[in-house]
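Chains, contacts and geometry: an overview
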Amino acid sequence: MEEFILIFRRDFNTKEEQPSPEQLQASVKLWQDWLGGIGAQNKLAKPLQRWDTAGKIVKSNKSVTDGPYAEIKESIGGLIFVKVDNYDEAVSIAKDCPILQLGGNVEIRKATHAED
């Protein structure tokens, strides 16, 4: 089994793009069910971690700017680590992610090792 990270992004700042309170409430159950299903299959390597939308960027010249996404509207809302055999299996899990119903997306990356 390999370890993959699933990174959840959506526009958390633009007023028009925000889900209604009802949509958010409904998504809580979807998230619980989705994560529970991954856990029940023993594929959840690390549980959901949420992230703030602020952040800082330190550039090569040591300057610091606010917010990691000054040029784009999307930001990271959370991530999980899963243990699966390959990208196809990670994609299959990601396709059921509730963030997709809220206009977001899921980035998938495979963990690599120095010898890879």
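Within this structure, the stated rule accounts for 4 salt bridges. Where Lys43 meets Glu89, a salt bridge forms, and the shortest distance between an N and an O atom there is 2.4 Å. Placement of the pair is Lys43 in the loop between helix H1 (21–40) and strand S2 (44–50) and Glu89 in helix H2 (residues 87–94), with a sequence separation of 46 residues. Overall, Lys43 belongs to the buried group, its relative accessible area being 14%. Here Glu107 and Arg109 are joined by a salt bridge, their closest N and O atoms 2.7 Å apart.

With that settled, the discussion passes to the layout of surface pockets. In this structure, the largest pocket spans a volume of roughly 360 Å³. Residue assignment for the lining of the largest pocket shows that the elements contributing at least two residues are strand S1 (2–11), H1, S2 and strand S5 (74–84). For the lining of the largest pocket, the leading source of residues is H1, giving 6 residues. Across the lining of the largest pocket, the residue classes break down as 10 nonpolar, 5 polar and 3 charged.

We now examine the confidence of the model for the chain. With 91% of its residues at a pLDDT of 70 or more, the chain shows a mean pLDDT of 87. Confidence, read as mean pLDDT per element, is least for strand S4 (residues 64–66) in the chain (80) and greatest for H2 (96).

This part is about H1. Relative to the 28 Å expected for 20 residues at 1.5 Å per residue, H1 spans 29 Å between its end C-alpha atoms, a close match to the ideal helical length. Within the sequence span of H1, burial applies to Ser27, Trp31, Trp34, Leu35 and Ile38. Looking straight down H1, one finds its buried side chains confined to an arc of 90 degrees; they lie on one side. Turned more than 90 degrees off the buried face of H1, the exposed positions are Glu22, Gln25, Gln32 and Ala40. Where H1 is buried, its residues touch S1, S2, S5 and H2. A positive backbone phi angle near 60 degrees is found at Asn42, which sits one or two residues after H1.

Criteria and cut-off values
Residues numbered from 1 in each chain as written. Predicted model: local features only at pLDDT ≥ 70, side-chain atom pairs only at ≥ 80, totals over all residues. Heavy atoms only, no water. Salt bridge = Lys/Arg side-chain N within 4 Å of Asp/Glu carboxyl O. Helix = DSSP H or I, 4+ residues; strand = E, 2+ residues; numbered from the N terminus. Buried < 20%, exposed > 50% of the residue type's maximum accessible area, 1.4 Å probe, protein only. 1 Å grid on protein atoms, 1.4 Å probe; cavity = no way out; pocket = protein on both sides within 12 Å on 5 of 7 lines; lining within 4 Å. Points joined across faces, edges and corners; volume = space filled by probe spheres on them. Nonpolar A, V, L, I, M, F, W, Y, C, P; charged D, E, K, R; others polar. pLDDT = per-residue confidence, 0-100. Expected span 1.5 Å × (residues − 1). Arc of directions from axis to C-beta. Contact = heavy atoms within 4.5 Å.

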